[in-house]
Amino acid sequence: MTGCIISPILFNLYSEYMMKDALEEAEGLIVNGQNFNNLRYADDAAFLDDKRTQLQRIIDKVVRICNEYQWRSQGGGDTGAYPPSS
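Since the structure is predicted, the reported quantities are computational estimates derived from the model, not experimental observations.

A. The environment of Phe47, seen in detail. With respect to the element layout, Phe47 can be found in strand 4 (residues 44–47). Exposure remark for Phe47: the relative accessible area of 21% places this residue in the partly exposed category. Sequence-wise, Phe47 and Ala26 are 21 residues apart; in three dimensions their C-alpha atoms are separated by 9.6 Å. Not counting residues up to four positions away in its chain, the partners in contact with Phe47 are Met19, Leu23, Asn37, Asn38, Leu55, Ile58, Ile59 and Val62.

B. Expanded view of helix 2 (residues 52–68). The end-to-end C-alpha distance of helix 2, which contains 17 residues, comes to 24 Å, matching closely the 24 Å that a straight helix rising 1.5 Å per residue would cover. For helix 2, the set of buried residues is Gln54, Leu55, Ile58, Lys61, Val62, Ile65 and Cys66. Down the axis of helix 2, the smallest arc covering the buried residues is 140°, so these residues share one side. Relative to its buried face, helix 2 has exposed residues pointing more than 90 degrees away, namely Thr53, Arg57 and Asn67. Where the residues of helix 2 are buried, they touch helix 1 (7–23) and strand 4. Two residues or fewer after helix 2 comes Gln70, characterised by a positive phi angle close to 55°.

Cut-offs applied
- Residues numbered from 1 in each chain as written.
- Predicted model: local features only at pLDDT ≥ 70, side-chain atom pairs only at ≥ 80, totals over all residues.
- Heavy atoms only, no water.
- Helix = DSSP H or I, 4+ residues; strand = E, 2+ residues; numbered from the N terminus.
- Buried < 20%, exposed > 50% of the residue type's maximum accessible area, 1.4 Å probe, protein only.
- Contact = heavy atoms within 4.5 Å.
- Expected span 1.5 Å × (residues − 1).
- Arc of directions from axis to C-beta.

Shown next as structure tokens:
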């Protein structure tokens, strides 16, 4: 369906439901009373938390949900910035 006008719409719908399932219980970062556990733009996603162990839980759950949805990643996936160990 590459090049089809409905492809981006289907991608957004599918990825939105997948991310809701994966991140519904994730803590993330609290900024001005709002919880932020992910940032997304186009087909990229960044997961947020101030604890490395919680960030790993988020990533593990996203991977599990992606497998359940039969979603295949084509990116590097494990690159990113981690909070300092405390």
